Structure formats: structure tokens, C-alpha cells
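The lines below spell out each chain.
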Amino acid sequence: MSQIKRLVLDVLKPHEPTMIEVASAIGDIQDVDGVNMSLYEVDQQTENVKITVEGSDIDYDIVLRTIENLGAVVHSVDEIIAGKKIVEEEETLHDRG
Amino acid sequence: MNLNIEEGRYIILGSIDGLLATLGIIVGVSVTSASNPVIVSAAFGGAIALALTNGLGSYLAESTIEHGKLAVTEKSLLRDLSNTYVESLSRRKIMKDAVFSGAASFLGSLVPISPYLLSVGSVIVSVALSLISLVALGIYAGYISKQSYIVSVIKMVGLGALIIVAVQLLRISHLIQ
């Protein structure tokens, strides 16, 4: 199977554990080179965050298990890059329009 | 040890409870018996009972609150939080609060008992030590609440003194009879 190089996840998490704890936990996963987490919505009980994970061969099941063990929920996989190298999205005429 | 505000609550609650309730036992028993072993025995019995009831009471209360909070969070996340880090944090908090409450209560009880253990036992010495401890608790309360230390001490000692006076009045009324 192809190696996953980048994952972008839409995640809903409780206030505890903090973003720092979640990012650290994901960063500790084997073959994960880096994590970017940004907060885009907050309410009384939860936080909506975007998590970008980059690595050489990311195991999605382990990432999912780590996130769920911390009490969070993956709403959607918004972007995924797999294969031998990172391929960025190309802008087409449709996007420019 | 780095204590947070939540732990401070149980330290103050437990200490005051142990201190003043045990002092009440000592004052009450000393009316009927001046014997050291009798007073120490009654006071220790009370101290242990207080520690256990405070610890268990805190455990039950915190369990209720924490499970309620978890249920609200689960509803927002639309998922079960059993066997997650979040649930383990809750369990740890419940145990910590129960232990702090029971331990603070027992340690508070030792203050009025200590003169009797050192064979310098008298109600006056126990009351004096208790008031000094209340001053220390007042300073701690002021530190946690970031309010005036003097106001905290006055509140703590004032309320404690009221209870001591009430117990002493009971003692005096028994002597009059």
C-alpha cells in the first residue's frame, strides 16, 4: 500500500486534554515528522481544530486511535497525500473562475 | 508539591472540619473526664471517623459531579468517553480530591489532640493551638484567593472562634447543671 505523507483532519475535541497535549501525542507517533494544529471554533464544551500531520509513512489507524483515546472525534479527512512524494493540489481554470 | 485551587478547597474544608470537630470532642469529653487516655481515645476515634466520612463523602460527591460533566461532554462530542484519557483524568481527580479531603481532616484533627499526646494536655492549650492553625489556614486561603491576607485570617479565626465559644458555652452549661 502507498505511504501516506500528509493528512489533514477536521477534529472535534473536548477542552481537556489541551491542544498542546494532543499535538504532542500525535507528534510522538512513529514515522510522524511534524504536526500542525489550529483552532477555528470554540464553544462551552468543545473545540474544532484542523490537524495537519506530515511524515514518511503515516499509519492512519494509529493516528485515529491516538486522537480517539484523547477523547476527540475525527469529523472528516479533508486532505490526504500518499505515494512516493508530496504532490500539492493544482489550481485549475475552474478554481480560478 | 504544586497545589492547585481545587485541591486548596479540600485542604481548607477538611482541615477546618477536623480541627474544630475534634476540638469540640475534646472540650466535651473533658467536662466528664480529665483523664488523658480517655480524652485521647475519644478524640482519635472522632478524628478517624471524620477522616473517613470526609474522604468518602468527597469521593461520592466528586464522582457524581465528574460523571455529570463527562456525560455533558459526551453529548457534545456524540461519543462515549469510556476508557479514554479524558475519563482517566476524571478518575484521577476524584481519587485525589477524596484523599486530600480525608488527609486534611485527619491532620487538622491532630492539632488539638497533640498537647494531650505530649502530656501537656489542657483545653486551653488545644484551643490556642487551634486558633494558631486557623491563622495559618487564613493565610493559605488568602494566598489561594489572591485576596487580603488580613481579611482571610480574620474570617477564618472569627468563624473558628465562634464555634469554640459555642462549644465552651455547652461545656459551661453542663458544669452549672
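Up top is the structure these notes are about.
Conventions and cut-offs
Residues numbered from 1 in each chain as written. Chains lettered and ligands numbered in written order. Predicted model: local features only at pLDDT ≥ 70, side-chain atom pairs only at ≥ 80, totals over all residues. Contact = placed C-beta atoms within 7 Å. Nonpolar A, V, L, I, M, F, W, Y, C, P; charged D, E, K, R; others polar. Helix = DSSP H or I, 4+ residues; strand = E, 2+ residues; numbered from the N terminus. Buried ≥ 20, exposed ≤ 12 C-beta atoms within 10 Å, placed from the backbone. Pairing = 2+ DSSP bridges. Axes fitted to C-alpha atoms, helices over the stretch in contact; angles between N-to-C directions.

K.L.:
Would you mind going over the interface of chain A and chain B in detail, with residue names and values included?
P.N.:
The partner chain B presents 10 residues to the 10 residues of chain A that form the contact. Taken together, the residues that form the side of chain A that touches chain B break down as five nonpolar, four polar and one charged.

K.L.:
Quick rundown of the environment of Q44 of chain A? Include the residues and the values.
P.N.:
Residues and elements named next belong to chain A. Considering the arrangement of structural elements, one finds Q44 in the loop between β2 (32-42) and β3 (46-58). Q44 sits in the exposed class, given 7 other C-beta atoms within 10 Å. Separated by 41 residues in the primary sequence, Q44 and Q3 have C-alpha atoms spaced 38 Å apart.

K.L.:
Go over the sheet that holds strand β4 (residues 73-82) of chain A with me, naming the residues and quoting the values.
P.N.:
All names here are of chain A. Spatially, four strands are ordered β2-β3-β1-β4 in an open sheet, and the strand pairing comes out antiparallel. Both edges of this open sheet fall to β2 and β4, since each of them pairs with a single strand only. The mean inter-strand angle of the sheet, taken between neighbouring strand axes irrespective of direction, is 15 degrees. Alignment of strand β1 (residues 4-14) against β4, held across eight bridges, turns out to be antiparallel. When the sheet's bridge partners are listed, V11 is paired in β4 with V74. Across the sheet, helix α2 (residues 60-69) touches β1, β3 and β4, and the angle it forms with β1 is around 15 degrees.

K.L.:
Mind laying out unusual backbone geometry, listing which residues take part and the relevant values?
P.N.:
Cis geometry is adopted by the peptide bond preceding P17 of chain A, which originates at E16 of chain A and carries an omega value of 5 degrees. Tracing the sequence through the fold places P17 of chain A in the loop between β1 and α1 (19-27). In this structure, L78 of chain B takes a positive phi of about 60 degrees despite not being glycine. When you line up the elements, L78 of chain B lands in the loop between α2 (36-77) and α3 (85-117). A count of 8 C-beta atoms within 10 Å places L78 of chain B in the exposed class. The backbone phi angle of K146 of chain B is positive, close to 60 degrees, even though this residue is not glycine. Residue placement: K146 of chain B occurs in the loop between α4 (123-145) and α5 (149-176).

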